[in-house]
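# Structural overview
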Amino acid sequence: GQQVMQIPQYQHVQEGEDFTTYCNSSTTLSNIQWYKQRPGGHPVFLIQLVKSGEVKKQKRLTFQFGEAKKNSSLHITATQTTDVGTYFCAGKRGSNYKLTFGKGTLLTVNP
Amino acid sequence: DVKVTQSSRYLVKRTGEKVFLECVQDMDHENMFWYRQDPGLGLRLIYFSYDVKMKEKGDIPEGYSVSREKKERFSLILESASTNQTSMYLCASSLSPTGADTQYFGPGTRLTVL
């Protein structure tokens, strides 16, 4: 079945350092979504990428979708303590109802 | 704002009990999903429903069943709870598979089976 691999599993940074998490799918995706889950919270939608090579920015967050629509990345510039949480990618294939989630990257930030 | 609510934040049950987890969404969404979340395993899809009375198995349906009698409500049933079903259960809803299919999650139910 479809798999979405996400690395790294954990990342600890000093406040102000950059952070990147990567997702790779075994199959071509129709879109990829990113979610953030704060400690003790539930996943909250961040963004959706649909087009090959698409790049979107939200303040200090930059999201990319690969040319082959099989990989994606989330980059945070100059992390802050408010960025702490687990970041999940989730891929959708064709018109399938399902999203397949990566296992997530837990980001901790040392102030 | 979309609101997804779950009947309990914490639940403790005994092995062999029948357990009902309820989820309600207030935005007339077509699709509803049940996931379980375990450390190191991420979110795994148990069942989903794309219409009233319609359901499909996800990746880990064994030991679970679901019910969707009304559009806004999606129930997860553990027929005979076992200790390996101790987990965080998350419900989600989305508008449609071909449109804006962002998933909106409820707060989760942390189930402990003793």
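To keep things clear, this report deals only with the structure shown in the data block. (Residues numbered from 1 in each chain as written. Chains lettered and ligands numbered in written order. Predicted model: local features only at pLDDT ≥ 70, side-chain atom pairs only at ≥ 80, totals over all residues. Heavy atoms only, no water.)

### Some details on the overall build of chain A
Broken down by element type, chain A carries zero helices and 11 strands. Each helix and strand of chain A, placed in order from N terminus to C terminus, yields the pattern β-β-β-β-β-β-β-β-β-β-β. For chain A, whose C-alpha radius of gyration is 13 Å, the value lies close to the compact-globule estimate of 13 Å for 111 residues. C-alpha atoms of chain A, sized along the principal axes, occupy 40 × 25 × 20 Å. Counting only residues that meet the buried cut, chain A has 47% of its 111 residues in that class. Per element, the accessible surface of chain A, about 5400 Å² overall, is 51% carbon and sulfur. One finds the centroid of the 13 positive side-chain charges in chain A at a distance of 13 Å from the centroid of its 6 negative side-chain charges. (Helix = DSSP H or I, 4+ residues; strand = E, 2+ residues; numbered from the N terminus. Rg over C-alpha atoms; globule rule 2.2 N^0.38 Å. Buried < 20%, exposed > 50% of the residue type's maximum accessible area, 1.4 Å probe, protein only. Areas by Shrake-Rupley, 256 points an atom, 1.4 Å probe, with all protein chains shown as cover. Lys, Arg positive; Asp, Glu negative; His and termini not counted. Charge placed at Lys NZ, Arg CZ, Asp CG, Glu CD.)

### Thoughts on the interface of chain B and chain A
Counting from both sides, the interface comprises 21 residues of chain B and, opposite them, 18 residues of chain A. Roughly 1700 Å² is buried in total at the junction of chain B and chain A, and carbon and sulfur atoms are behind 59% of that figure. Viewed at the interface, chain A and chain B are joined by one salt bridge. D59 of chain B serves as the salt-bridge partner of K98 of chain A, at 3.1 Å between the closest nitrogen and oxygen. In this structure, the connection of chain B to chain A is made through three residue pairs in polar contact (both at pLDDT 80 or more). When residues of the side of chain B that touches chain A are traced back to their parent elements, those giving at least two are β4 (31-38) and β5 (42-51) of chain B. (Contact = heavy atoms within 4.5 Å. Buried area = accessible area lost by both parts, 1.4 Å probe. Salt bridge = Lys/Arg side-chain N within 4 Å of Asp/Glu carboxyl O. Polar contact = N/O pair within 3.5 Å; in protein donor to acceptor, adjacent residues only side chain to side chain.)

### Considerations on the state of the cysteines
All names here are of chain A. Tallied over the full model, the rule gives two disulfides over all chains. The residue that forms a disulfide with C23 is C89, at a sulfur-sulfur distance of 1.6 Å. Its S-S torsion of approximately -90° makes the covalent link between C23 and C89 left-handed. Of the two residues, C23 is situated in strand β3 (residues 19-25) and C89 in strand β9 (residues 85-92); the sequence distance between them amounts to 66 residues. (Disulfide = S-S within 2.5 Å.)

### With respect to the nonpolar core
The biggest cluster of nonpolar side chains holds 20 residues, and the ones touching the most others in it are W34, I46, L76, L78 and Y89 of chain B. Counting residues per element, the ones that place at least two in this core are β3 (19-25), β4, β5, β8 (73-78), β9 (87-94) and β11 (109-113) of chain B. If you look at the next biggest cluster of nonpolar residues, it comprises 19 residues, including V4, I47, L61 and L107 of chain A. (Core = buried A, V, L, I, M, F, W, Y, C linked by side-chain atoms within 4.5 Å.)

### Considering the sheet that holds β3 of chain A
All names here are of chain A. Strand order across the open sheet formed by five strands is β1-β3-β8-β7-β6, with antiparallel pairing between neighbours. Two strands bound the open sheet, and with one partner strand each, they are β1 (4-7) and β6 (55-58). The average undirected angle you get between the axes of adjacent strands in this sheet is 15°. (Pairing = 2+ DSSP bridges. Axes fitted to C-alpha atoms, helices over the stretch in contact; angles between N-to-C directions.)

### Topic: the pattern of salt bridges
All names here are of chain A. According to the stated counting rule, one finds 10 salt bridges over all chains in the structure shown. One salt bridge connects D83 with R60, and the closest N-O pair in it is separated by 2.9 Å. Placement of D83 in the loop between β8 (71-76) and β9 and of R60 in the loop between β6 and β7 (61-65) is noted, with a sequence separation of 23 residues between them.

### Focus: the packing of aromatic side chains
Applying the stated criterion across every chain yields a total of 12 aromatic pairs over all chains. Taking the centre distance of 5.7 Å and the plane angle of 75° together, the rings of Y35 of chain A and F45 of chain A count as edge-to-face. Of this pair, Y35 of chain A sits in strand β4 (residues 31-37) while F45 of chain A sits in strand β5 (residues 44-49), and the two are 10 residues apart along the sequence. Of the aromatic side chains, those joined through ring pairs into one cluster are Y35, F45, F88 and F101 of chain A together with F33, Y35, F48 and F105 of chain B. (Phe/Tyr/Trp six-rings, centres within 6.5 Å; stacked < 30°, edge-to-face > 60°.)

### Considerations on the pairing of β9 of chain B
Residues and elements named next belong to chain B. Of all eight residues in β9, eight are buried, a share of seventy percent or more. Residues S87, Y89, C91 and S93 of β9 are buried on one face, and the alternating residues M88, L90, A92 and S94, pointing to the opposite face, are buried as well. Relative to β9, β4 runs antiparallel, the two being bridged by seven bridges. Bridge assignment links M32 to a residue of β9, and that residue is S93. As judged from the three bridges shared by β9 and β11, these two strands associate in the antiparallel manner. Paired with Y89 across the strands is T109, a residue of β11.

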